[in-house]
Amino acid sequence: MIIKVFSIIDKVHAVSTEDGEKLYRKITENFEMSQVVELNFDGIKLILSAFLNASIGQLYSRYESSYLQQHLILSHISNEDLTTLKKVTDRAKEYFGDRKNFENTAKRT
Amino acid sequence: MPLKKITDYTAGPGSIHFTVPRNISTILESYEFFASVSAATNQLKNNSITIDFRNTAFFDSNVCSIMGGIIHKLILDNNMVFLANIEPEVDDIFQQNCFYSVFTNQVQSSAPSFNTVIPCNKFSAHESELYLQYIEDELFSRSGLLQMSDLLKNKINLSLLEIFNNAHEHGCCGELYVSGHHFPKKKIICLTICDMGVTIRTNVNSFFSKQFKGPEAIKWAVQYGHTTRRGNIPGGLGFSIIRDFLRVNEGKLQIISSNGMWEESKGIIFDSKLSNKFQGTIVNLEFNIDKKYYILTEEVDLKNIF
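Residues numbered from 1 in each chain as written. Chains lettered and ligands numbered in written order. Predicted model: local features only at pLDDT ≥ 70, side-chain atom pairs only at ≥ 80, totals over all residues.

(A) Fine view of the overall build of chain B. Helix and strand counts for chain B come out as nine helices and eleven strands. The C-alpha radius of gyration computed for chain B amounts to 19 Å, which stays within 12% of the reference 19 Å derived for 306 residues, consistent with globular compactness. With the principal axes as the frame, chain B shows a C-alpha extent of 70 × 50 × 35 Å. For chain B, buried positions account for 46% of its 306 residues. (Helix = DSSP H or I, 4+ residues; strand = E, 2+ residues; numbered from the N terminus. Rg over C-alpha atoms; globule rule 2.2 N^0.38 Å. Buried ≥ 20, exposed ≤ 12 C-beta atoms within 10 Å, placed from the backbone.)

Here you go:
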């Protein structure tokens, strides 16, 4: 399934958390049907970390890194934006890793 | 109109007035002044407040956004604001950067005759597209003003958007004020963004249920991965992305919020506790636009991105 980011947010600037959430919902709908998703960023001029946190970082609350590696493909995204995305995915892994550790510690105590 | 310019003003007994220092720019003394006005007027409603410029000879264009934020709050609280004894040099700056028209909602001139002035404007939370258009029109599209690579433009755009996003998401502010100045000889552009929303200190204190001092709260907030947001959307990247870029660019980041001032300039960090609490947040960004500051990015391996 190819998802054109532009057609979801209807803007050339992928900036807001709200637009990121729209994309997140679209991705998870397809994951529910076990579909591989290709995110196509063609036509998007700017991508902000807040948008990536909401659309892709949030996926780590439900899916493991290995699942995303197998089910999510990126296309038409610049190396600059990939650098930001790498920071977002690294941060998301830490964030949800820390939260699980925190919850496990809380359960034990 | 709740904002008026007056001349020959002399403060009478009991009047609420503030005398602006001689030089207003992005220096500690100027931030102390703005914090003192903000703290003293925070609870005022239905009053008359006079801001007296009789001693002021220099007022950097980018700092008008701070004055804009303070006046905006005073007007929202039903106060009448008088700008008194403005010297012609300062009045020129205010005219050229459309400072007065921000309060009258007049259409802004897109090409001020001082082409080093980046006009003052205000934006609400849903106006990110207008904000981007403003940056494009007033910063990037002026012929001959700035010659910079697309990559540098992109980085500046993203830095300014990160601040816009932070102000509306964490500061919960109604309006955000922006103005700027281009210093051609130094090859620097300064953009100062001011909101009168929830301070960083308030957010951090409420997150930890502790009492941090102003500079400590900012110091915490600018670290990688630090965010006061909870829930399923990770955060804490905005300031660290800006800092990474400004280190390479040899630029400057200043943050003033509550009684904290924090600055990183060419990798050197400075902080200070202000005597008064600024009831909002100021972010000043200085970008080096000299062509030699190219940014090298590392190749990202798509296979390992998740």
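(B) Inspection of the packing of helix α5 (residues 128–140) of chain B against helix α6 (residues 150–169) of chain B at higher detail. All names here are of chain B. It is the contact of α5 with α6, at a shortest axis distance of 11 Å, that shows an interaxial angle of 140 degrees. On the basis of their axis angle, the class for α5 and α6 is oblique. Handedness of the crossing formed by α5 with α6: right-handed. Residues Ser 128, Tyr 131, Leu 132, Ile 135 and Phe 140 of α5 touch α6, and the partners they reach there are Lys 153, Asn 157, Leu 160, Leu 161 and Phe 164. Residues belonging to the contact of α5 with α6 are distributed by class as follows: seven nonpolar, two polar and one charged. (Axes fitted to C-alpha atoms, helices over the stretch in contact; angles between N-to-C directions. Parallel < 35°, antiparallel > 145°, perpendicular 65-115°, else oblique. Left-handed = near helix turned anticlockwise from the far one by under 90°. Contact = placed C-beta atoms within 7 Å. Nonpolar A, V, L, I, M, F, W, Y, C, P; charged D, E, K, R; others polar.)

(C) Quick look at unusual backbone geometry. Residues and elements named next belong to chain A. Non-glycine residue Ser 34 carries a positive phi angle of around 55 degrees. Relative to the helices and strands, Ser 34 resides in the loop between α2 (17–32) and β3 (37–40). Taking the number of C-beta atoms within 10 Å as the measure of exposure, Ser 34 has 7 and is therefore exposed.

(D) Quick peek at the interface of chain B and chain A. Contact with chain B, which involves 27 residues of that partner, is made by 32 residues of chain A. Every element with two or more residues in the side of chain B that touches chain A is listed here: α5, α6 and α9 (238–249) of chain B. Counting residues per element, the side of chain B that touches chain A draws most heavily on α6(B), which supplies eight residues. Here the side of chain B that touches chain A is composed, by residue class, of twelve nonpolar, ten polar and five charged.

(E) Local environment of the sheet that holds strand β1 (residues 2–4) of chain A. Residue and element names in this part refer to chain A. An order of β1-β3-β5 is seen for the three strands of this open sheet, with the pairing classed as parallel. Each edge of the open sheet carries a strand with a single partner, namely β1 and β5 (72–75). The sheet shows a mean angle of 25 degrees between the axes of neighbouring strands, direction not considered. Strand direction decides the pairing type here: β3 and β5, joined by four bridges, are parallel. Bridged to Asn 40 within β5 is Ser 75. (Pairing = 2+ DSSP bridges.)

(F) Quick peek at the sheet that holds strand β4 (residues 48–52) of chain B. All names here are of chain B. Taken together, the four strands give an open sheet; going across it, the order is β1-β6-β4-β2, and neighbouring strands pair in parallel fashion. The open sheet is flanked by β1 (3–6) and β2 (16–19), the only strands paired with a single partner. Between one strand axis and the next, the sheet turns by 20 degrees as a mean value, whatever way the strands run. One ladder, built from five bridges, connects β4 with strand β6 (residues 80–84); its direction is parallel. Within the sheet, the bridge partner assigned to Ser 48 lies in β6 and is Met 80.

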